[in-house]
Amino acid sequence: MLRKIFRNRHNGVRGLVFFVCLVVAIEPSLVAQTAGMGALTGRVTDASSNAVPNATVTVTTVESVENGQTRSTTTGTDGTYRFDGLPPGNYRLKIEAAGFKTLEIPSATVSGTGTAVVDEKLEAGEPISAKPAAASPDNLPNAPSSIATSSSATAPSLSDLGISPEQTQGNPREQALLDKRTHMLKIHQRLGLITTIPLIATLATSINAGGKNTSTTSRDLHTALGAVTGDLYFMTAYYAIRAPRVPGTESRGPIRFHKAMAWIHGPGMILTPILGIMAFDEKNKGEKVHGIASAHGPVAIVTAGAFGAALLSVSVKF
Amino acid sequence: MNKKILIAFVLLALPAFGGSDSQWVLEQSSLTYHVSHPLHESEGVSHAARGKGVCHAGECDFLIAVAVKSFDSGDSNRDLHMIQVTRGAEFPIVTVRTHLPESAAASATVNADLEIQFAGQTAQYKQIPFKLETQGGKTHITGTIPATLSDFKIDPPSLLTIRVKNEMPVRVDMTWHPQ
């Protein structure tokens, strides 16, 4: 088309002027963000606000860390950088420069309509991860003065909010208690899950163990599986019972149902094997299971039902 | 001569009036974290945040603080678990700091740079969009902070050995009034 324009006009200068105008007209749309896309720009400086050229700036989509889309650029001589055509969303920023600590910004939001501006200062030093900063006495919430000083002399402090230093003090002993509690309840949870396997198998083998035409082998298998279930169950219960209580905490929510079910499946897990042994003896003597031993099956079913309900009650909540 | 003194006084006084200090106080708030698990979505809400903004020379510094223990998900077991994983007993207060121009209060939206201290870590979030609505002298602010557990080096809690997702967005709903 351009060739045609030039040929038709028979005037190189006029054609060139037209071509330049065309490029100027098209250029902004080439450079501008695609509709619905955003841009991210900023300036990287050192502690003295001098530009840091040749710093590598990398943006990665936050939504998917594993499969994050990554783009990189380097800062110009004036320390500026720019990413165009970024889909709207949250991006991680990493700024690396020789002689400076690597800076990581967990999230910068890019909208589809504007340009996000992220100006950053780099700290001199070895290139190590700087943000989010590791815990140190200066960046803990109970040391607000240093933060206030770093941002502004007028910045409010925690004491301005009526929060006393005592309220901001950590309690390592309570944290240790919580850590122990979580550790024991994790084991409780895992053992509880493992217990369901022999429990289901025990219930399944009860069909061949309790009927008229049953073999000793079926009963032995059922008994063995029941014993494994019982052992695992009591190990599971141990970790729940021995997990430390946190003073001043009232049980609320699904955990109350979970605990209530323990009052059913707990005694059931004691009663079921006792009744089972009685039923086992009667069967071995060639007798029909009778008396209190005949409650072995119903008690076992109620026990297993309560155990399953307890498991489900914490499966839909954590 | 008197006129000159008066003019000089007015000229000197103007910047002082222009840069007069003002303060904002957080009246009420809802901070809601959201955690996703393949079996369950859960949220914890706190209405116990305290906040203050101090403005000087057209620039405002805001500080919002909330106790980790004040978040309530309706399940005491989950709340204790969250306090444990977020090291809430060691670091009982979450703080959010931001710096905004005073004129932002008149805008419909504002993009704020946030510095959040939580679980013994400091993370910065840039250009987080918030909606502002001013009515009757009060400013209502809503938005979502795209926080993740890894930003604060928090080991994701698990249910039935399956871990929750890394994303833990925090919905912010606050009402501020000038003091």
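Parameters at a glance
- Residues numbered from 1 in each chain as written.
- Chains lettered and ligands numbered in written order.
- Predicted model: local features only at pLDDT ≥ 70, side-chain atom pairs only at ≥ 80, totals over all residues.
- Helix = DSSP H or I, 4+ residues; strand = E, 2+ residues; numbered from the N terminus.
- Contact = placed C-beta atoms within 7 Å.
- Expected span 1.5 Å × (residues − 1).
- Buried ≥ 20, exposed ≤ 12 C-beta atoms within 10 Å, placed from the backbone.
- Nonpolar A, V, L, I, M, F, W, Y, C, P; charged D, E, K, R; others polar.
- Pairing = 2+ DSSP bridges.
- Axes fitted to C-alpha atoms, helices over the stretch in contact; angles between N-to-C directions.
- Parallel < 35°, antiparallel > 145°, perpendicular 65-115°, else oblique.
- Left-handed = near helix turned anticlockwise from the far one by under 90°.
- Core = buried A, V, L, I, M, F, W, Y, C linked by C-beta atoms within 7 Å.
- pLDDT = per-residue confidence, 0-100.

1. Structural notes on the overall build of chain B
(1) Moving on: Summing up its helical and strand segments, chain B has two helices and eleven strands in all.
(2) Moving on: Helices (α) and strands (β) of chain B occur, in sequence order from the N terminus, as α-β-β-β-β-α-β-β-β-β-β-β-β.
(3) Moving on: Pairs at least 24 residues apart make up 57% of the contacts formed inside chain B by residues separated by at least 6 positions.

2. Let's talk about helix α6 (residues 216-242) of chain A
Residue and element names in this part refer to chain A.
(1) Moving on: When the terminal C-alpha atoms of α6 are compared, their 39 Å separation across 27 residues agrees well with the 39 Å that a helix rising 1.5 Å per residue should span.
(2) Moving on: Looking at α6, one finds that the buried residues are R219, H222, L225, G226, T229, Y233 and T236.
(3) Moving on: For α6, the elements touching its buried residues are α5 (172-210) and α7 (254-284).

3. Side note on the interface of chain A and chain B
(1) Moving on: Taken together, the contact pairs 54 residues of chain A with 50 residues of chain B.
(2) Moving on: Elements with a contribution of two residues or more to the side of chain A that touches chain B: β6 (103-110), α3 (144-151), α4 (165-168), α5 and α7 of chain A.
(3) Moving on: The dominant element in the side of chain A that touches chain B, judged by the number of residues it contributes, is α5(A), at nine residues.
(4) Moving on: Its residues assigned to classes, the side of chain A that touches chain B comprises 26 nonpolar, 20 polar and eight charged.
(5) Moving on: The sheet contact formed by β6(A) and strand β7 (residues 121-135) of chain B spans two bridges and is parallel. Paired with A:A108 across the bridge in β7(B) is B:K126.

4. As for the pairing of strand β4 (residues 59-67) of chain B
All names here are of chain B.
(1) Moving on: The buried fraction of β4 is high, at seven of nine residues.
(2) Moving on: Two strands pair when backbone bridges link them, and strand β3 (residues 50-56) and β4 are joined in this way by seven bridges, in the antiparallel orientation. When the sheet's bridge partners are listed, C55 is paired in β4 with C60.
(3) Moving on: Here β3 folds back onto β4, and the loop between the two strands holds two residues, one of which, A57, carries a positive phi near 55°.
(4) Moving on: Sheet topology note: the β4/strand β5 (residues 93-101) ladder contains nine bridges and is antiparallel. The residue of β5 that forms the bridge with E59 is P101.

5. Observations regarding the packing of α7(A) against helix α8 (residues 296-315) of chain A
All names here are of chain A.
(1) Moving on: Put simply, α7 and α8 touch, their axes get as near as 7 Å, and they point 155° apart. Viewed along their axes, α7 and α8 adopt a mutual orientation that is roughly antiparallel. Pair α7 / α8 crosses with left-handed handedness.
(2) Moving on: By residue class, the composition of the contact of α7 with α8 is 17 nonpolar, eight polar and no charged.

6. Concerning the nonpolar core
Residues and elements named next belong to chain B.
(1) Moving on: Ranked by internal contacts, the top residues of the largest apolar core, which has 48 residues, are I64, A65, V94, L114, I116 and I145.
(2) Moving on: At the level of elements, β1 (22-37), β3, β4, α2 (76-85), β5, β6 (109-118), β7 and β11 (170-178) are the ones that each hand at least two residues to this core.
(3) Moving on: It is β4 that provides the largest number of residues to this core, a total of six residues.
(4) Moving on: With near-sequence residues (within four places) excluded, I145 lies in contact with L114, Y125, I128, P169, V170 and V172.

7. A look at the confidence of the model for chain A
Residue and element names in this part refer to chain A.
(1) Moving on: Mean pLDDT for chain A: 78, with 76% of residues reaching 70 or above.
(2) Moving on: Predicted confidence is poor over residues 1-13, with pLDDT under 50, and the contacts of this stretch with residues over four places away or in other chains come to six contacts.
(3) Moving on: Here residues 15-34 scores under 50 on pLDDT; set against residues more than four positions off or in separate chains, the count is ten contacts.

8. Focus: the pairing of strand β2 (residues 56-61) of chain A
Residue and element names in this part refer to chain A.
(1) Moving on: As judged from the five bridges shared by β2 and strand β3 (residues 70-74), these two strands associate in the antiparallel manner. Each residue of the ladder has a partner; that of V59, found in β3, is R71.
(2) Moving on: Two elements, β2 and strand β5 (residues 89-96), share six bridges in a ladder whose sense is antiparallel. Pairing of T56 across the sheet is with E96, part of β5.

9. Some words on the environment of A:T182
(1) Moving on: Counting through the fold element by element, A:T182 comes out in helix α5.
(2) Moving on: Taking the C-alpha atoms as reference, A:T182 lies 9.1 Å from A:P244; in sequence the two are 62 residues apart.
(3) Moving on: Excluding residues within four positions of it along the chain, A:T182 makes contact with B:H81 and B:Q84.

10. Quick notes on unusual backbone geometry
All names here are of chain B.
(1) Moving on: Positioned with a positive phi, A119 is a non-glycine residue whose angle comes to about 55°.
(2) Moving on: Mapping A119 onto the fold places it in the loop between β6 and β7.
(3) Moving on: On the basis of neighbour counts, which here come to 22 C-beta atoms within 10 Å, the residue A119 falls in the buried class.

11. Section: the packing of α5(A) against α6(A)
All names here are of chain A.
(1) Moving on: At their nearest, the axes of α5 and α6 sit 8 Å apart, and the two run at 160° to each other. On the basis of their axis angle, the class for α5 and α6 is roughly antiparallel. Our pair here, α5 against α6, has a crossing hand that is left-handed.
(2) Moving on: Its residues assigned to classes, the contact of α5 with α6 comprises 17 nonpolar, twelve polar and two charged.

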